[in-house]
Amino acid sequence: MSLRYEKHGNIAHFIIDHGPMNVLMPEFHKEFYHRLKEFEIDPDIKVGLFYGADGKCFSVGDDLKSMHKPPRTRQEELAAYLFLHQNEGDKPMRPGWEHDVCAHRRYKPIVSAIEGYCLGIAFSYCLYHSDVRVASESVKFGLTGIKFGAGGGSGPKRLARHLPFTAAYWMALSGEFMEADEAYRLNLVNKVVPSDQLIATAEEMAGKIALNSSIALRLEMEGLELGADLSKADAYHFGMNLYRMGWMANEAEGVTANYLKDRKK
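Report on the accompanying structure.

Calculation criteria
The written sequence of each chain sets the order in which its residues are numbered from 1. Residues qualify for local features only when their pLDDT is at least 70, as the model is predicted, and side-chain atom pairs are given and counted only at 80 or more; totals for whole chains, interfaces and linings, by contrast, use all residues. Where side-chain values are given, they derive from all heavy atoms of the structure, hydrogens and water being excluded. Burial classes: relative accessible area under 20% of the type maximum marks a residue as buried, over 50% as exposed, and values in between as partly exposed (1.4 Å probe, protein chains only). Think of it this way: any DSSP run of H or I at least four residues long counts as a helix, any run of E at least two long counts as a strand, and we number them from the N terminus. Should any heavy atoms of two residues lie within 4.5 Å, those residues are counted as being in contact. Two strands pair if DSSP finds at least two bridges between them. Put simply, a nonpolar core is a bunch of buried Ala, Val, Leu, Ile, Met, Phe, Trp, Tyr and Cys residues held in one set by side-chain atoms that sit within 4.5 Å of each other.

With respect to helix H4 (residues 120–128)
Among the nine residues that make up H4, seven are buried, leaving the element largely enclosed by the rest of the structure. Within H4, the full set of buried residues consists of Ile121, Ala122, Phe123, Ser124, Tyr125, Cys126 and Leu127.

Some thoughts on the environment of alanine 206
For alanine 206, the location among the structural elements is in helix H8 (residues 198–210). It is 9.8 Å that separates the C-alpha atoms of alanine 206 and alanine 12, two residues lying 194 residues apart in sequence. Not counting chain neighbours up to four residues away, the residues in contact with alanine 206 comprise Ile11, Val47, Leu49 and Val111.

Focus: the pairing of strand E2 (residues 11–16)
Remember that side chains alternate between the two faces of the sheet whenever the strand is regular. Of all six residues that make up E2, six are buried, and the element is covered over most of its length. Here E2 shows no split at all, with Ile11, His13 and Ile15 on one side and Ala12, Phe14 and Ile16 on the other all buried. Note that strand E1 (residues 3–8) and E2 share six bridges and pair antiparallel. Looking across to E2, one finds that tyrosine 5 is bridged to phenylalanine 14.

Some remarks on unusual backbone geometry
Between arginine 94 and the following residue, proline 95, the backbone shows a cis peptide bond with an omega angle of -5°. Inspection of the secondary structure assignment puts proline 95 in the loop between helix H2 (74–82) and helix H3 (97–103). The residue arginine 158 is not glycine, and still its phi comes out positive at about 50°. Along the chain, the position of arginine 158 falls in the loop between strand E9 (140–142) and helix H5 (159–162).

Some words on the nonpolar core
Counting residues in each nonpolar core, the largest one holds 42 residues, and the members touching the most others are Phe14, Phe32, Phe123, Tyr125, Phe141, Leu159 and Leu163. Elements that contribute at least two residues to this core include exactly E1, E2, helix H1 (26–41), H3, strand E6 (110–114), H4, helix H6 (165–174) and helix H7 (180–185). The dominant element in this core, judged by the number of residues it contributes, is H4, at six residues.

Right, dumping it as structure tokens:
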């Protein structure tokens, strides 16, 4: 299995584990999608951790040596994109579950711990499915697809929303790597730490998030995700509705009362 899913207390670990470079196969995309769905509805889990197995990089992305597709006519190739998973059978093919992963709207937070290379579709997953990011000093991010003719990857990643325009354009058009110090300077990652501190730092940050109410975390995730695309007025009214929902939950769960009680100790 190229993805290990483990639960430790109220934190779920998504661990990429497939060879020294963590090449992603179609089976990984399918497994990741279903684990994200499981993560979302598990009442005992508050936050996720996403990283490569011990001693490995995060991931160099998809396997380029095999496109994992049967022989297709042009019409069949178009149909494969329009009707994902049609006639797929037990073995997932491409295109496929990577589209489901990227389209999945998630309302539980995930912290990523990024070591070594984070390229291609793995970079997409890092942007789509982590909200707080810790990188090692050796990390290299990249959209290298343009070097072998695969353009357009910056669009679905909304790369120019994560980076200043000039940095996004350079990364997308050159295919060159972005290293840890630049990623930190441009706010692509929250922290840069030595490799031997990477997982511990990410676990500490995830632990701090997990101290908060599940409902409050859910509401903040929705506010951050949707509020960014609303007008100023609409974002205000939407946020106030979320805030009212939070207070209703606080009163039911006694969250605010317990917080004030703890402050007095």
